[in-house]
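Fold and contact review
The chain contents come next:
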Amino acid sequence: MPAPDELVTLYSDKVAKAGDLAALDAVRVEALGKQGEITQLLKTLGKMDPDTRKAEGPKIQGARMAVADAIEARKAALENEALEARLASEKLDLSLPVDETPLGSVHPVSQVMDELSEIFADMGFAVAEGPEIEDDWHNFEALNIPEAHPARAMQDTFYLATGEEGAPPVLRTHTSPVQIRTMMREQPPIRIIAPGRVYRSDSDATHTPMFHQVEGLVIDRNIHMGHLKWTLETFLKAFFERDDIVLRLRPSYFPFTEPSAEVDVGWSQVKGRRVVGGSEGWMEVLGSGMVHPKVIANCGLDPDVWQGFAFGCGIDRLAMLKYGMDDLRAFFDGDLRWLKHYGFGMLDTPTLSAGVGA
Ligand code: DAH
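Residues numbered from 1 in each chain as written. Predicted model: local features only at pLDDT ≥ 70, side-chain atom pairs only at ≥ 80, totals over all residues. Heavy atoms only, no water.

Concerning the site of the ligand
As a structural note, the neighbourhood of the ligand is formed by 16 residues, with His174, Ser176, Arg200, Gln213 and Glu215 the closest of them. Within the backbone of Ala310, one N or O atom sits 3.2 Å away from an oxygen atom of the ligand. Compared with its free state, where it exposes 360 Å², the ligand has 91% of that area covered by protein. Within the residue set of the shell around the ligand, elements represented by two or more residues are strand E5 (210–220), strand E9 (281–291) and strand E10 (307–314). (Near = heavy atom within 4 Å. Polar contact = N/O pair within 3.5 Å; in protein donor to acceptor, adjacent residues only side chain to side chain. Areas by Shrake-Rupley, 256 points an atom, 1.4 Å probe, with all protein chains shown as cover. Helix = DSSP H or I, 4+ residues; strand = E, 2+ residues; numbered from the N terminus.)

Brief notes about the domain arrangement of the chain
Domain annotation for the chain reports domain 1 (4–88) and domain 2 (107–342). Here the C-alpha centre of domain 2 lies 86 Å away from the C-alpha centre of domain 1. (Domains from an automatic or database assignment.)

Observations concerning the side chain of Thr231
Structurally, the position occupied by Thr231 is in helix H9 (residues 225–240). Residue Thr231 is classed as buried on the basis of its relative accessible area, which comes to 5%. In this structure Thr231 touches Phe120, Met123, Phe125 and Phe309, once residues within four positions along its chain are discounted. (Buried < 20%, exposed > 50% of the residue type's maximum accessible area, 1.4 Å probe, protein only. Contact = heavy atoms within 4.5 Å.)

Section: a nonpolar patch on the surface
A surface patch of nonpolar side chains, amounting to about 460 Å² of accessible area, comprises Leu103, Met346 and Leu347. By the element assignment, Leu103 lies in the loop between helix H4 (50–89) and helix H5 (108–122). Leu103 sits in the exposed class, given a relative accessible area of 72%. (Patch = residues over 30% accessible without salt bridge, like charges linked within 9 Å, V, L, I, M, F, W, Y side chains within 5 Å. Salt bridge = Lys/Arg side-chain N within 4 Å of Asp/Glu carboxyl O.)

So, the pairing of E5
Two faces belong to every sheet, and in a regular strand the side chains alternate between them. Across the 11 residues that make up E5, a large majority, 9, are buried. Sheet topology places strand E4 (residues 190–199) next to E5; 10 bridges connect them, and they run antiparallel. Bridged to Tyr199 within E5 is Met210. Looking at chain direction, E5 and E10 are connected through 8 bridges and run antiparallel. Within E10, the position partnered with Val218 by the bridge is Phe309. (Pairing = 2+ DSSP bridges.)

Thoughts on helix H1 (residues 4–17)
With 14 residues, H1 extends 20 Å from end C-alpha to end C-alpha; this agrees with the ideal 20 Å at 1.5 Å per step. The inward-facing, buried residues of H1 abut helix H2 (21–32), helix H3 (37–43) and H4. (Expected span 1.5 Å × (residues − 1).)

Things to note about the packing of aromatic side chains
On inspection of all chains with the given rule, the structure shows 10 aromatic pairs. Every member of this aromatic cluster is reached through a ring pair, and the members are Phe120, Phe125, Phe235, Phe239, Phe240 and Phe311. The ring of Phe239 carries the charged tip of Lys322 above its face, separated from the ring centre by 4.6 Å. (Phe/Tyr/Trp six-rings, centres within 6.5 Å; stacked < 30°, edge-to-face > 60°. Lys NZ or Arg CZ within 6 Å of the ring centre and 35° of its normal.)

Observations concerning the environment of Leu143
Counting through the fold element by element, Leu143 comes out in the loop between helix H6 (136–139) and helix H7 (151–154). Owing to a relative accessible area of 0%, Leu143 belongs among the buried residues under this scheme.

Considering the packing of H1 against H2
Packed helices, taken two at a time, are described by the angle between their axes plus the distance between the axes. Look at H1 against H2: their axes get within 9 Å of each other, and the N-to-C directions meet at 165°. Taken together, the axes of H1 and H2 are roughly antiparallel relative to one another. With respect to the hand of their crossing, H1 and H2 are arranged in right-handed fashion. Two secondary-structure elements touch here, H1 through Tyr11, Lys14 and Val15 and H2 through Leu24, Val27, Glu30 and Ala31. (Axes fitted to C-alpha atoms, helices over the stretch in contact; angles between N-to-C directions. Parallel < 35°, antiparallel > 145°, perpendicular 65-115°, else oblique. Left-handed = near helix turned anticlockwise from the far one by under 90°.)

See the structure below:
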């Protein structure tokens, strides 16, 4: 059996050479584990006669403590080294330039929807929504467009195949069904706009199978067409950021309004381009009218008490007129160059924080 001080020398040397925590633990087991050399030496104390034990005891205990201390010290040193290495390898250089991440932009349609919402919010309108997959009743029937009505042919409808009996669901052909849903859900007075996607089977430079409309609806006790005209005028002035907006209401026909009017806005020529404002000519911007009493009754309201106006307007067209694009199809091509050119920064949205003056 080796002498205690020999073991101290032996294990101090092994401890010093242990290159990592795992190696150090192996040394600890070898010296101080259950079968460890120093542990075995400690066990011999029990078999010694009292005098030898008195002499050898302190030496063996001293050796155990010396080795345990050496292991502890080495452990602390190794842990410290590991930490230092980690700190060195994970060092952040805050002066490095940031990677350039691709930045998206706000689509003009989203931008215009935000502008619309802000302008109408200033006039006390809430934003309402409805489903894009709509049933025949909300999209047609309740809006006074019965089955055989020629107005159904005006809107080239996408029908969904369900394999079930009865009128199939449709991709809504306009935002007008949101009028119905709102009147069925809420008691008047009602003031809402409903911007969203609509669908028609149509495609050329000015038509895409999916496009955007905004519906407006006001229902109260004493609403008349003067309110309609003021609302549209106030909205168009704020939207086009011009005071010289002139409107012309032309008699028209929609099944869900009586009387109905198509609204034209005056334009003028600026650097060879037609812009909204002035009155060199007229262009049609939206359909409108007083909500038909049958539509009000279809929603469970008494048309002798409640009346109001409605309008429907193409959002993509508004965007084209305000921001100067001329091909509608490019709106939905997803071409990054187009989006970069016509898109808006997220902090630009919406631009009209000046709002609608009283
Ligand atoms: N829904 C009509 C369309 O898509 C637009 C419209 C016209 C909506 C007159 C209205 C309205 O609310 O009063 O062509």
